[in-house]
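Read off the chains here:
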Amino acid sequence: MAERRRWNWPALLVDRPLQIVTNSLPIANLFAASRETDLVMLGGYVYPRTGVALGPLTIRMLDDIHVHQTIMSVGGITAKGLFNSNLLLVESERAMMRAADEVVVVADHTKIGRQALTFLCELAEVDTLIVDGGIRPEQRTLIAQAAVRLIVAGEPEEFRS
């Protein structure tokens, strides 16, 4: 059986001149030592399984922040919309979306066609979806029908929708 490699997209952003606002301890640790990055860590209840700050304190901090782009992951993407497995996470992600000019979702192709516990938003509320090269034609069609910009990692620019 082929070993499934985890796609570590945040590592591609390390040592770039960025302002990062995150509720994720693993993401904060990744950028904390970078001299090129300004890092803002959101507070709140830290969910022990993921190391992500969630809940009302996180949301209150997000109410005072504006970002050009929010980059987030999800547990599922269907024609109904985006889903995640934790209600507090979904509430925090909605606040992140409100704080951003542009919403970018990064997900591997196995998330497309799968639903998780809690509804996050309609697919059309996402500006860009970035997926790995395993995306199938019917998954591309689902994304295209929602008029979401699709970027397939490793695919040449001329094939992007």
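Check the entry above for the structure.
Residues numbered from 1 in each chain as written. Predicted model: local features only at pLDDT ≥ 70, side-chain atom pairs only at ≥ 80, totals over all residues. Heavy atoms only, no water.

Enquirer: What should I look at first to understand a nonpolar patch on the surface in this one?
Expert: A grouping of Leu-25, Met-41 and Val-46 is seen on the molecular surface, where their side chains present a nonpolar patch of about 210 Å² in accessible area. Assignment of secondary structure puts Leu-25 in helix H1 (residues 25-32). (Patch = residues over 30% accessible without salt bridge, like charges linked within 9 Å, V, L, I, M, F, W, Y side chains within 5 Å. Areas by Shrake-Rupley, 256 points an atom, 1.4 Å probe, with all protein chains shown as cover. Salt bridge = Lys/Arg side-chain N within 4 Å of Asp/Glu carboxyl O. Helix = DSSP H or I, 4+ residues; strand = E, 2+ residues; numbered from the N terminus.)

Enquirer: Whenever I open this one, the sheet that holds strand E7 (residues 82-84) confuses me. Can you help?
Expert: Strand order in the open sheet formed by 3 strands is E6-E7-E9, and the pairing between neighbours is antiparallel. Edge positions in the open sheet fall to strand E6 (76-77) and strand E9 (118-121), since each of these has one partner strand only. Here E6 pairs with E7 via 2 bridges, running antiparallel. When the sheet's bridge partners are listed, Gly-76 is paired in E7 with Phe-83. Across the face of the sheet, helix H3 (residues 87-98) comes into contact with E7 and E9 while running at roughly 5 degrees to E9. (Pairing = 2+ DSSP bridges. Contact = heavy atoms within 4.5 Å. Axes fitted to C-alpha atoms, helices over the stretch in contact; angles between N-to-C directions.)

Enquirer: How should the nonpolar core be read in this particular structure?
Expert: Within soluble globular proteins, side chains that are nonpolar tend to cluster in buried spots. The biggest cluster of nonpolar side chains holds 23 residues, and the ones touching the most others in it are Ile-77, Leu-82, Val-105, Leu-120, Leu-123 and Leu-129. Residues within four places of Leu-120 in sequence aside, it is in contact with Met-72, Val-74, Leu-82, Phe-83, Val-90, Glu-93, Arg-94 and Met-97. Within the second largest apolar cluster, 5 residues are counted, among which are Leu-42, Leu-62, Ala-95 and Met-96. (Core = buried A, V, L, I, M, F, W, Y, C linked by side-chain atoms within 4.5 Å. Buried < 20%, exposed > 50% of the residue type's maximum accessible area, 1.4 Å probe, protein only.)

Enquirer: Before we go on, may I ask you to explain the environment of Ala-28 in this structure?
Expert: By the element assignment, Ala-28 lies in helix H1. Relative accessible area serves as the criterion here: at 8%, Ala-28 is assigned to the buried category. Residues Ala-28 and Leu-150 lie 122 residues apart in sequence; the distance between their C-alpha atoms is 27 Å. In this structure, Ala-28 is in contact with Thr-22, Leu-39 and Met-41, ignoring residues within four places of it in sequence.

Enquirer: Which parts of the structure should I look at to understand the sheet that holds strand E11 (residues 149-152)?
Expert: Strand pairing in a sheet is mediated by backbone hydrogen bonds. Such pairs are either parallel or antiparallel. Strand order in this open sheet of 4 strands is E5-E8-E10-E11, and the pairing throughout is parallel. One side of each edge strand has no neighbouring strand; the edge strands of this open sheet are strand E5 (67-72) and E11. Mean inter-strand twist for the sheet, computed between neighbouring axes without regard to direction, equals 20 degrees. Bridge count between strand E10 (residues 128-131) and E11: 4 bridges; the pairing is parallel. In the sheet register, Ile-130 faces E11, and the bridge partner there is Ile-151.

Enquirer: Quick question: what am I supposed to make of H3 here?
Expert: One turn of the α-helix equals 3.6 residues, which is why residues spaced by three or four share an orientation. With 12 residues, H3 ought to run about 16 Å at 1.5 Å a step, and its terminal C-alpha atoms sit 17 Å apart, in line with that. Residues of H3 that are buried: Val-90, Ser-92, Glu-93, Ala-95, Met-96 and Met-97. Where H3 begins, one side-chain oxygen reaches toward the backbone nitrogen of Leu-88, 2.8 Å away; that side chain belongs to Asn-86. (Expected span 1.5 Å × (residues − 1). Polar contact = N/O pair within 3.5 Å; in protein donor to acceptor, adjacent residues only side chain to side chain.)

Enquirer: Before we go on, may I ask you to explain the packing of aromatic side chains in this structure?
Expert: Geometrically, a pair of aromatic rings is defined through the distance of the ring centres and the angle of the planes. What the rule picks out here adds up to 1 aromatic pair. Where Phe-83 meets Phe-119, the ring centres are 5.6 Å apart and the plane angle is 75 degrees; that geometry is what we call edge-to-face. Of this pair, Phe-83 sits in strand E7 while Phe-119 sits in strand E9; the two residues are 36 residues apart in sequence, bridging distant segments of the chain. For Phe-83, a relative accessible area of 4% puts it in the buried group. (Phe/Tyr/Trp six-rings, centres within 6.5 Å; stacked < 30°, edge-to-face > 60°.)

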